[in-house]
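# Report on the structure
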Amino acid sequence: MGSSRNECEAKVLSEQQPTFRVRRLLLAALMPCLALSLAAGPALGQVNETTEASASAASASAGAAEVEAVAEVEVVAEDPVDQEVDPAAGWSVHVAAELGEKLGCVAVGDVDPTWPGNEIVALGASGSVYVISFHDGVWTHERAVQLPGEMIQCAVGDLLPEVAGLEIAVVGMAQGGESDGGEGAAHLISRDGSGWRVEELYRSPALLHAVVIGGLDPRPGLDILVAGFAEEAVALVRGTEGWEPQDAVRLPGAGKAAVTYKGGAAIACTDGSVVKVRGTSAGWVSNVVDRDGAGRARIACDGERLLVAGDDGALVIVAGGTSGWVYKSNDKLRGAVISPLDGFNGFPSLATAGYDGQVVVMRYTRNGMQPLVVATDSDRLHHLTAGQLPLRADGNALVTCGYSGRVLVVTAP
Ligand SMILES: [Ca+2]
């Protein structure tokens, strides 16, 4: 995955846009109170193409048969490891787990109610779904579920209100690795008194790469949106007969990541577009809210603004019909986070990670935004998220993973 076919087409925004434009977008991203005054000024950056597409009915088969919960559980206790990458900056890096295989995604949430606080979910290329906990000063992990296909991304939410704790929605391959071809699959993982359970929710004609939970469907009920290399987004809604695909909309490229956005979702696509989808009484509608020459890979939202990470290494803010990059890596980016982190006076911080193995936080200084490398790993990083962990009670930590097989937790000074 991660085709480089678009790399040569990537825009060099740093040479095309005056610095002040970027700084104005940065300020808008960090300080919502400034956003209105900026939006009232002259147009910033490019004018985005908008394409309305009518919704199409879902036709894919449900494939919602329950599958066996393997739940091969192994608990490993490890000594906590603390490494300061940049002592001057004071950020700490904790190795929460070394799982010995390429990891695609991490998410944070209270998926195991038998332990207090949130856990980390990590997905392995082998199809393993790991749950990592921190308690009594020690990180532990277990393989909650072993699925037959490589798992790529996951989301945590309360999909089964009758079950304690939160559930995990995971997407990836139905069988084999992401480059093997064949069907994609979405699964729901939950924990009840007898242990971990897994249920197949949906089969796609191709790899499923993106998943986001909740708020997408105007009708009552909980829902999941999945998207992937079949170049469509599909809503899965829980009905009386279980989870069923309800609506689908075509995408201009493969869907790589999704986030809830303005009553619907925004999807980062491999053709360089960011597509907004939302449900209406007549079905789904979609429009392209931003487009770039390079593939888009990860996406975050603070309610108004989108933060998009791309194959060209650009971290781009999309807001008010304009866009501009705030950070540029020399390699592909695979992280987009907007979250309040410690040490930033409650302002949401922007963060990213990528194939250069670096976790970067955008630090607001007197001279504008400055990127700060807060952690490095020995191999490509493939995902970045933020969440509250029992490790610290006073703010969100960054969590990342990738090809090294390590799950890193990064905390501010
Ligand atoms: Ca818990």
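Up top is the structure these notes are about.
Bear in mind the structure is a predicted one, so any value in this text is a computation, not a measurement.

The rules behind these values
- Residues numbered from 1 in each chain as written.
- Predicted model: local features only at pLDDT ≥ 70, side-chain atom pairs only at ≥ 80, totals over all residues.
- Helix = DSSP H or I, 4+ residues; strand = E, 2+ residues; numbered from the N terminus.
- Buried ≥ 20, exposed ≤ 12 C-beta atoms within 10 Å, placed from the backbone.
- Contact = placed C-beta atoms within 7 Å.
- Pairing = 2+ DSSP bridges.
- Axes fitted to C-alpha atoms, helices over the stretch in contact; angles between N-to-C directions.

Counting secondary structure elements, the protein contains three helices and 31 strands. Looking at the 413 residues of the protein, the share that counts as buried comes to 52%. Across the protein, contacts joining residues at least 24 apart in sequence account for 55% of those joining residues at least 6 apart.

Let's shift gears to the pairing of strand S8 (residues 138-146). Note: strand S7 (residues 128-135) against S8, eight bridges, orientation antiparallel. Its bridge partner lying in S8, Tyr 130 is registered against Arg 143.

Here the focus is the sheet that holds strand S19 (residues 273-280). As summarised here, the arrangement of the four strands in space is S17-S18-S19-S20, forming an open sheet in which the pairing is antiparallel. For this open sheet the edge positions go to strand S17 (255-261) and strand S20 (283-291), each flanked by a neighbour on one side alone. Geometrically, the sheet is characterised by an average inter-axis angle of 25° between neighbouring strands, direction not taken into account. In this structure, S17 lies alongside strand S18 (residues 264-269), joined through six bridges in antiparallel fashion. Looking at the pairing, Ala 257 lines up with Ala 268 of S18.

Take Ile 120: it is sitting in strand S6 (residues 119-124). By the C-beta count within 10 Å, which is 27 here, Ile 120 ends up buried. Between the C-alpha atom of Ile 120 and that of Gly 109, which follows or precedes it by eleven residues, the distance is 6.6 Å. Leave out the neighbours within four places in its chain, and Ile 120 touches Ala 96, Val 106, Val 108, Ile 132, Val 399 and Val 407.

Let's shift gears to the sheet that holds strand S22 (residues 306-310). Within the open sheet, the four strands sit side by side as S21-S22-S23-S24. Their pairing is antiparallel. What marks the edges here is a single partner per strand, and that holds for strand S21 (296-301) and strand S24 (322-328). Ignoring which end each strand starts from, the neighbouring axes of this sheet average 25° apart.

Its place among the elements puts His 209 in strand S13 (residues 208-213). Judged by the 30 C-beta atoms lying within 10 Å of it, His 209 is buried. Sequence spacing of His 209 and Ala 186 is 23 residues, and the spatial spacing of their C-alpha atoms is 9.5 Å. Setting aside residues no more than four positions away along its own chain, His 209 makes contact with Ile 152, Gln 153, Val 171, Ala 227, Gly 228, Phe 229, Ala 254, Gly 255 and Lys 256.

The next thing to look at is unusual backbone geometry. Even without being glycine, Asp 136 reaches a positive phi, approximately 55°. You can see Asp 136 is positioned in the loop between S7 and S8. Phi is positive for Lys 262, close to 50°, though the residue is something other than glycine. For Lys 262, the location among the structural elements is in the loop between S17 and S18. Under the C-beta neighbour-count criterion, Lys 262 is labelled partly exposed, with 14 such atoms within 10 Å.

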